[in-house]
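Structural overview for review
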Amino acid sequence: MTDNERLAQDVLAALQAHDGLVHLERAYNCMTRLRLAFDAAGIPDGLESDIAKLSGVLGTNPDGTELQVILGPGKAANVAVAFNELLAAQNGATTSTPDRPSEPANDRPQIGDGEALHAKIRAKNATPVKLFFRRIASIFIPLIPGFIACGLINGCLNVVAKGLPDVTTGPAFQLLAIAGSTVFWGLNILVGRNAMEEFGGTPVLGAILGALLAHPNLANVHIFDKTFVPGRGGIISVLLVAILASWVEKRLRRCVPEALSLFVTPLVTFLVSGTVALLVLQPLGGFLSDLIGNTATGAITSGGALTGAILGGTFLPMVMLGIHQTLTPIHAELLARYGVTILLPVLAMAGGGQVGASFAVYLRTKNMRLKKIIASALPVGMLGIGEPLIYGVTLPLGKPFIGACIGGACGGAVQAAFGIGAATLGISGLPLAAATDNIPIYLLGLVCAYVGGFVATLVIGFDDPVDEQPNSEHPERA
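This text gives an overview of the structure that appears in the document.

Take the sheet that holds strand β1 (residues 24-29) next. Across the sheet, which stays open at both edges, the four strands sit in the order β1-β2-β4-β3 with antiparallel pairing between neighbours. Single-partner strands in this sheet number two, and they are β1 and β3 (59-63). Direction aside, neighbouring strands of the sheet carry axes that sit 15° apart on average. Relative to strand β4 (residues 66-70), strand β2 (residues 33-38) runs antiparallel, the two sharing five bridges. The partner of R33 across the bridge, within β4, is I70. Packing against the sheet, helix α3 (residues 75-89) makes contact with β1 and β2, and its axis sits at approximately 150° to β1.

Below, the structure is given as structure tokens:
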């Protein structure tokens, strides 16, 4: 049995111990996490804590009725496959749980107690607006592997083109360039499909509506003295029409007789939603798309290092408040418009600040448990997975979290000053370097974030928690 199969078995055992299989709706994965989606009953009491203790688990993240188990790149997909095979083998593919994790008796954050702390933060952030943007962000999660594949191809081609410009005319280079742009050619269809599914409609209707808005023959059609512009509004228009189409389809299914629903519902949904999209939503989406693109690029190009410092320094608090979900469609829109997002390298520096701050804590603390937590979380933190450091180290300690924000500001200033762009989304830290348009400067900014977080934490200091001793209590934890 492999380590991944053993971990999948342990997760399944934890679910069975808490009667979670009854309510589990599905288990799937994103790039770094195994996601256990439960029904309205929610996450079973104690499940999160038990899973967080399993060997190979880097942390947990309760998100509404979904428990996200942080495992790391590659491992998340392998464990998800093994877990679903175990479910299928025992005919128990539906799993779920009752309520959210119980609050710790002590309301003050505990070192390494990331799952309880994160659960409290998530519960406070579960407002309707933030939950809506979380749904919007979930539309793009399945697309991240495509962005990463194409983004890394484009990043490597940029390096080759600068060093060996003569090869750019060769067929191999040109074919790879086509491969690197593939995700953008199909982006409207992919977003339309996922958005329609997320809002409860038929996925293929969302896909063909997305294709309709990008159809090249639209340029040959004139109506009301105006010419349609294929692809206008990008993914913003697609999101708007998918929301409308899902609303139309749901209402048609209520009133159309079942005998006619197979024919009438998809036809009317497509015609009504497509007409409104072309005449109203696409122009509106174009306006919003221009506004987003011009605002994002203008803020960084005009504000430079100052804007980068503000964005890089405030991204971690944005994560705490749950408003970082609004940035996912903005990244995707910038990628669709310009081929790169200049926001991602800036915001990725917050993770670099976490690494630097945590390393400073590691050197100064005498708490061996804390040292062990940091030693295991630092490598994955450098790879862009910051939750174990945030919720297990810097945030409970308080002052190192401020140091991490300062480090993020230092790195963000460098990225914005040079206008570094990334041709992907969904990754950060060291792996993001390969997808940027200037690898040396990106790495320079990342080093500045490391150093900034490290120095700031040493200067600010922190209250070193007392090492836990067997059969003793220390209520005065930092």
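Following the structure, the description resumes.
On to the packing of helix α13 (residues 343-364) against helix α17 (residues 439-460), then. Packed helix pairs are characterised by how far apart their axes lie and by the angle those axes make with each other. Where α13 contacts α17, the axes come no closer than 7 Å and their chain directions differ by 40°. Between α13 and α17, the crossing angle belongs to the class labelled oblique. You can see that α13 and α17 cross each other, and the crossing is right-handed. By residue class, the composition of the contact of α13 with α17 is 15 nonpolar, six polar and one charged.

Another aspect to go through is the pairing of β4. Within β4, five of the five residues are buried, which leaves it mostly tucked inside the rest of the structure. Here β4 shows two buried faces, one formed by E66, Q68 and I70 and the other by L67 and V69. Here β3 folds back onto β4, and the loop between the two strands holds two residues, one of which, G64, carries a positive phi near 65°.

A word on the nonpolar core. If you look at the biggest cluster of nonpolar residues, it comprises 57 residues, and the most contacted ones within it are I139, F140, V191, V393, L432 and Y442. Top contributing element to this core by residue count: helix α10 (residues 234-255), with six residues. One finds L34, F38, L67 and L87 within the second-largest nonpolar core, a separate group that totals 26 residues.

Attention shifts here to the pattern of salt bridges. Within the structure shown, the criterion is met by five salt bridges. The partner of R193 in a salt bridge is E197, with the nearest N and O atoms 3.0 Å apart. In this pair, R193 and E197 both sit in helix α8 (residues 187-198), four residues apart, roughly one turn of the helix. Residue R193 is classed as partly exposed on the basis of its relative accessible area, which comes to 34%. Between R253 and E249 there is a salt bridge, with its nearest N and O atoms 2.8 Å apart. Within this pair, R253 and its partner E249 are both found in helix α10, separated by four residues, close to a single helical turn. For E249, a relative accessible area of 3% puts it in the buried group.

What follows is about the packing of aromatic side chains. For any two aromatic rings, the description comes down to two numbers: the centre-to-centre distance and the angle of the planes. Under the defined criterion, the tally for this structure stands at two aromatic pairs. Just above the ring of Y28 sits the side chain of R26; from NZ or CZ to the centre is 3.9 Å. The cationic tip of K371 hangs over the ring face of Y362; the distance from NZ or CZ to the ring centre is 4.3 Å.

Let us look at the side chain of S428. Along the chain, the position of S428 falls in the loop between α16 (399-418) and α17. At 3.4 Å, the side chain of S428 and the backbone oxygen of G384 are in polar contact.

Parameters at a glance
Residues numbered from 1 in each chain as written. Predicted model: local features only at pLDDT ≥ 70, side-chain atom pairs only at ≥ 80, totals over all residues. Heavy atoms only, no water. Pairing = 2+ DSSP bridges. Helix = DSSP H or I, 4+ residues; strand = E, 2+ residues; numbered from the N terminus. Axes fitted to C-alpha atoms, helices over the stretch in contact; angles between N-to-C directions. Contact = heavy atoms within 4.5 Å. Parallel < 35°, antiparallel > 145°, perpendicular 65-115°, else oblique. Left-handed = near helix turned anticlockwise from the far one by under 90°. Nonpolar A, V, L, I, M, F, W, Y, C, P; charged D, E, K, R; others polar. Buried < 20%, exposed > 50% of the residue type's maximum accessible area, 1.4 Å probe, protein only. Core = buried A, V, L, I, M, F, W, Y, C linked by side-chain atoms within 4.5 Å. Salt bridge = Lys/Arg side-chain N within 4 Å of Asp/Glu carboxyl O. Phe/Tyr/Trp six-rings, centres within 6.5 Å; stacked < 30°, edge-to-face > 60°. Lys NZ or Arg CZ within 6 Å of the ring centre and 35° of its normal. Polar contact = N/O pair within 3.5 Å; in protein donor to acceptor, adjacent residues only side chain to side chain.

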